[in-house]
Amino acid sequence: MDSIAVNWEALDALVIEFAKSEHLIEDAQSPPSSPSTTSYASRLLIRQIRRLLESGDVDSVINLLRVHAPSVLDDHRLLFRLQKQKFIELLRKGTEEDRDSAIHCVRAALAPCALDAYPEAYEEFKHVLLAFIYDKDDLNSPVADEWSERRRFDIAGLLSSILRAHLHAYDPFFSMTLRYLISIHKGFCLQQGVLSPVSDLTERLLLEERDPPAIPQESLYEAPPFDEVDIQGLAHAVELTRQGAVDSLRFARGNLYQAFQNELCRMRLDVSMLDELVHEYCVYRGIVDSGLTYSGNHSVEVEYKSSELSGKESSISDAHMEGSLETKIDLVNTKNPDVEVRYHCDTIDPNEDCSTSGTLQPETVEVVQRNRSRETGERNKRKRWRGRHDKLEYSSEILNGSRKHEPSATALHVINTKMTSEDSSMVDIVTDRKDKFEIVLSMKELASQGMAAEVVEEMNALDPNFFAQNPILLFQLKQVEFLKLVSLGDDSGALRVASSHLGHLAASDPALLKPLKETLLALLRPKEEAINENFPLQALATSLQVAVGRRLGIEEPQLMKIIRATLHTHNEWFKLQMCKDHFEGLLRINSLREVGIPVLGDLACNSTMDACAQGSSQISPSTKMQEDGSNPNQMSSSDLGCDENAILKVMEFLALPRADAIHLLAQYNGNAETVIQQIFA
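On a predicted model such as this, the values are computed, not experimentally measured, just so you know.

Enquirer: Talk me through the packing of aromatic side chains; I want residue IDs and the actual numbers.
Expert: As enumerated under the stated definition, the model contains eight aromatic pairs in all. An angle of 85 degrees between the planes, with centres 5.8 Å apart, marks the rings of Phe80 and Tyr118 as edge-to-face. In this pair, Phe80 is assigned in helix α4 (residues 76-93) and Tyr118 in the loop between α5 (96-116) and α6 (121-128), connecting sequence segments 38 residues apart. Since its relative accessible area comes to 0%, Phe80 is described here as buried. Ring centres of Tyr257 and Phe583 lie 5.9 Å apart, and the angle between their planes is 85 degrees; on these two criteria the pair is classed as edge-to-face. Here Tyr257 is found in helix α13 (residues 256-266), whereas its partner Phe583 is found in the loop between α26 (558-577) and α27 (589-592), with 326 residues between them in sequence. Note on Tyr257: relative accessible area 37%, which makes it partly exposed. Using a relative accessible area of 3% as the deciding quantity, one classes Phe583 as buried.

Below you can see the structure in the form of structure tokens.
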């Protein structure tokens, strides 16, 4: 079943931008005063304020606001809530001295704020004074809600929402894009009653709770009416009521895209899990160094102690690394106590083969050595992963009860030691984990540079059966070799490749006849047009990387599965809505779709999907996308005779989703008044 082809180069750019913005990788090119650094400092300030409020330290929060965002405290509504929480926290401490401080807080700060905060503030002020006589442990008291620690999280979320907009400290685009795609994915699967293939990941990554919405200033309540298109678009994009969308637009002073970003950032992500997914992806794609070293005389043993990680107690002797005797380290995830790594040192002849799979063939040794020498130059291009150093995480135990963070072996997931019987030949050839990684990345790099002949030669040396099981990949590589020879003016050499390889492969698979004909047409064009900058070598390189990785036991990153599945449901969702997503350009979703182009394009896209896990195949088939990312077979509302104003009117009056409004209008010849009359009749 077909699926959306992902433009992994575009995803690489988004992920790198995210990692740089969050200072997860070392980036010497970003100056201290750059906008990304300033935004990062503001996000750190917001996280610090959130942490302080969640721990009950209101005084420190007010002091930070006075230094970094004094105008925020001009809002007496917010100041009243902070002072009320400060009063509760002083009483919570329980000492006589703190009780006296609470009385002083009431007289000097809380009572004056209550007079001009908002109409209900004075009643709330009188109510909270009951905390003097009702104990914090009395769950049946009239002020049990005031004593609840959840209040800390509510006000922390509210202040975070306000500060994000005030400081323009929005999360990186990749983080917002992921929130949006997962939100649509969940909604689509729920509405259509289908099972998500990535629900185990998305449920843990995107949390159910959201930060409270920022409150518009009173002066904005008299703002001119907003365009109903904007109201309905925002409401359905981020699951708001109509009034919620209006309030969000008021807070953003009518700026639709700012309101949209405000609402997306209210959605809560598990930051630790996101970092692990990004790290795994970056290692797989060769963006950052894996941190592994080649074998010397030392072996490393990875021990999984948790049944949640491995299903049972197990010990896996895996790669060879340099290290000291009995030194224990955390291989990738320094926060994961369930993964333990030990080095063992033996006195072994450096020239002796330590593998258990027999003697390596000379051709294989030569390929591994070439990859090792090639690795030096490639590794110099890779960045070093530094991880998140602020160590500020969302404390969601209060919100979710006693929810525990499940141990994750995400960074280790990229190396899967389970092999099928058909993979055993290549696994026997290459046993060193570092070599496996570098072979995969090396093949990807060669393919992306158009060095197809070298890829075929090296893969045949590693595994003579590889291309027998991946004939489309071989066809694509030979296409590249053919076109490269044409571009060099070697027409006779190109024809030899076509007759000895392309023709034979097309005879075995009729689906290859059309691309073969289109490939041969290159002989008639100017040679400089044979391979141009738009040639989809990156799509071929990715499909090759996934296929070779699978043969070596290296699984594709979980982030790839999430993106593929959520892009698919995004496409299917807007087919149902019969409209274009107004926000996909802002979030760069349109650039994430791989667009097929003549000769190799469609095959490269299909090969990538065949080689990858069919992440969205359990949902429904997708159709091809045009170059602008739109769906040529997508029915529009105008095809059903529905006017856009009529659709918006039905959506507004009946509070219906767009698709339901269109289907109702289609039943009544597109007449909105008739639909409304029939519903209320």
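Enquirer: Lay out the pattern of salt bridges with the relevant residues and their values.
Expert: If you walk through the whole model with that rule in mind, you get 38 salt bridges. A salt bridge links Glu89 to Arg92; the nearest nitrogen and oxygen atoms lie 3.0 Å apart. With Glu89 and Arg92 both in helix α4 and three residues apart, this pair spans about one turn of that helix. Accessibility classification places Glu89 together with Arg92 in one group, the buried group. Among the ionic pairs, Glu673 bridges to Lys649, the shortest N-O distance being 2.6 Å. Of this pair, Glu673 sits in helix α31 (residues 672-680) while Lys649 sits in helix α29 (residues 644-654), placing them 24 residues apart in sequence.

Enquirer: Can you break down the packing of α29 against helix α30 (residues 658-667) residue by residue, with the values?
Expert: Two elements in contact, α29 and α30, have axes whose closest approach is 9 Å; the angle formed by their N-to-C orientations is 115 degrees. The orientation of α29 with respect to α30, classified from their angle, is roughly perpendicular. In terms of crossing hand, the pair formed by α29 and α30 is right-handed. Contacts between α29 and α30 involve Glu644, Ala646, Ile647, Val650, Met651 and Leu654 from the first element and Arg658, Ala661, Ile662, Leu664 and Leu665 from the second. Per-class residue counts for the contact of α29 with α30 are nine nonpolar, no polar and two charged.

Enquirer: Can you explain α6? Please cite residues and give values.
Expert: Along α6, the positions that sit buried rather than exposed are Ala121, Phe125 and Val128. Mapping the buried residues of α6 onto a view down its axis gives an arc of 70 degrees, with all of them on the same face. On its buried face, α6 is in contact with α4, α5 and α7 (144-147).

Enquirer: Could you give an account of the environment of Arg81, naming the residues involved and the relevant values?
Expert: Relative to the helices and strands, Arg81 is located in helix α4. Judged by its relative accessible area of 31%, Arg81 is partly exposed. Taking the C-alpha atoms as reference, Arg81 lies 9.1 Å from Ala117; in sequence the two are 36 residues apart. Those residues in contact with Arg81 that sit more than four places away from it in its chain are Tyr118, Ile155, Leu158 and Ile215.

Basis of the calculations
- Residues numbered from 1 in each chain as written.
- Predicted model: local features only at pLDDT ≥ 70, side-chain atom pairs only at ≥ 80, totals over all residues.
- Heavy atoms only, no water.
- Phe/Tyr/Trp six-rings, centres within 6.5 Å; stacked < 30°, edge-to-face > 60°.
- Helix = DSSP H or I, 4+ residues; strand = E, 2+ residues; numbered from the N terminus.
- Buried < 20%, exposed > 50% of the residue type's maximum accessible area, 1.4 Å probe, protein only.
- Salt bridge = Lys/Arg side-chain N within 4 Å of Asp/Glu carboxyl O.
- Axes fitted to C-alpha atoms, helices over the stretch in contact; angles between N-to-C directions.
- Parallel < 35°, antiparallel > 145°, perpendicular 65-115°, else oblique.
- Left-handed = near helix turned anticlockwise from the far one by under 90°.
- Contact = heavy atoms within 4.5 Å.
- Nonpolar A, V, L, I, M, F, W, Y, C, P; charged D, E, K, R; others polar.
- Arc of directions from axis to C-beta.

This is a description of form; function is not addressed.
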